[in-house]
Each structure stands twice: as structure tokens, then as C-alpha cells.
Amino acid sequence: AAEEEVAIRKQVGEFLLQNGRYVEAEAEAEKLLASAPQDSPEEAAGLRVRALALVRQYQTGALAREASGSVKILEPLAVAHKKNLDDLVLADLLARAYLDDKLVLSEIPDKNKDARIKLASDCLDELVKARSNDPQAYMVRFLYRTDRSRADSTPNSPGAKQALEQALKLGPKNVTVLIT
């Protein structure tokens, strides 16, 4: 019965995320985490749902009334990523969150931009290592690097070309890769 409850909570959390009900998804994730065995796939799923719910609340402005830094987003996102190294969405969101000045200043103000860029790159390196034969992992890295290059107003993003070339090599018929 306990295993069934954990499986249902996982499904409910994912459903709530998909339907934009982020506060409820976060609450469901907390219930899932309370009942999931430590270091289990269920715990990883609960951490994922909680992190995504928090990030989406932040992105939609639902946390705007909260005192700056009172709701942690980076730490739950980083913990979820560590338990789900092959998750494309978590890796992408974490890498981009490290470059969100408002978020970083309220949560890890001691990290300068170079340190944050390294954290973001390390996160994407872990993704590519976990999914070394998946063109989508290289596409996440490529898109992040080209977006960062645009944001920094630099003409070439280090490593972006190589990431795209690897994605093309691994997925020569992958639609996402081909339209990029």
C-alpha cells in the first residue's frame, strides 16, 4: 500500500506540474518526499517535482510577495539535479538559474559571475556525461551556450559549435537538431 501511495503521489505531482498548478505540485512533492525511501527513484522524482514547482513559481511571479531569499530555489534545484543527472529539464533550468542575477544574489551572493558560469557549465557537463549518446543533451548545452553568448554580447560562444556538431553526429535525423 505504501509503494502504491508513493507511485500515485509521483503521478499526481507530475500532473499538477503539467497543468501549471505549481503550489499544489510543491505540496504533493513534499508528501512524496516524506514517504519515499532515501536514495530511491521515488525520492529523486519527489525532488524533481519540488524543484520544478519552485522554479515555475519563481518564473511566473508567484513568489514575488515573498521576502527575497526566503524561498530557496537554487539549492532544491541543485539537489534534484544531483539525484537526476540525466534530466534534460533540470540541467537546463539549473544552468540558467546560476546566471539569474536576482536569484543568485538572494541565495548565493558570494559567487561571482565566473564561478556561476563554471557551475552552469559543470551542470551541463554532468548531463552530457549521463546522456553521452543522446543528441538532446548536446542540444541543451548548445542552446544554453548560444543564449549565454547573446546575453554577454560575445560573437562566439565557447563550445557551442562543438555541442551542435556532436548533436548532429548523434542525431542526424533528429528534428530538433535539424531545425537548429
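Coordinates for the structure precede this section.
Now for a description of the structure that goes with this document. (Residues numbered from 1 in each chain as written. Predicted model: local features only at pLDDT ≥ 70, side-chain atom pairs only at ≥ 80, totals over all residues. Heavy atoms only, no water.)

## Remarks on the environment of Asp87
Applied cut-off: We count a stretch as a helix when DSSP gives it H or I for four or more residues in a row; a strand needs E for two or more, and each element gets its number in order from the N terminus. Throughout, a contact is declared for two residues whenever any of their heavy atoms are within 4.5 Å.
In this structure, Asp87 sits in the loop between helix H4 (74–83) and helix H5 (88–97). Each C-alpha atom, one on Asp87 and one on Arg131, is 9.0 Å from the other, the two residues being 44 residues apart in sequence. Not counting residues up to four positions away in its chain, the partners in contact with Asp87 are Arg48 and Leu127.

## Considering the pattern of salt bridges
Applied cut-off: The salt bridge definition used is simple: a Lys or Arg side-chain nitrogen within 4 Å of an Asp or Glu carboxyl oxygen.
Going through the model one piece at a time under the given rule, you end up with 15 salt bridges. One connected set of salt bridges, linked through shared partners, spans Glu5, Arg9 and Glu28.

## Describing the side chain of Glu43
Rules: The rule is simple: take the accessible area with a 1.4 Å probe, protein chains only, and divide by the maximum for that residue type; under 20% is buried, over 50% is exposed, in between is partly exposed.
Mapped onto the elements, Glu43 comes out in helix H3 (residues 41–60). When its relative accessible area of 16% is taken as the criterion, Glu43 is described as buried. When near neighbours in sequence (up to four residues on either side) are disregarded, Glu43 contacts Leu33, Ala36, Pro37, Gln38 and Lys83.

## Quick look at the nonpolar core
Where we set the bar: What is meant by a nonpolar core is a set of buried Ala, Val, Leu, Ile, Met, Phe, Trp, Tyr and Cys residues, joined one to another through side-chain atoms within 4.5 Å.
In terms of nonpolar packing, the biggest core is built from 43 residues, with Leu17, Leu74, Leu77, Leu124 and Leu127 touching the most fellow members. Not counting chain neighbours up to four residues away, the residues in contact with Leu77 comprise Ala51, Val55, Leu90, Leu93, Leu94 and Ala97.

Take it as geometry only, folks, not as evidence of what the structure does.
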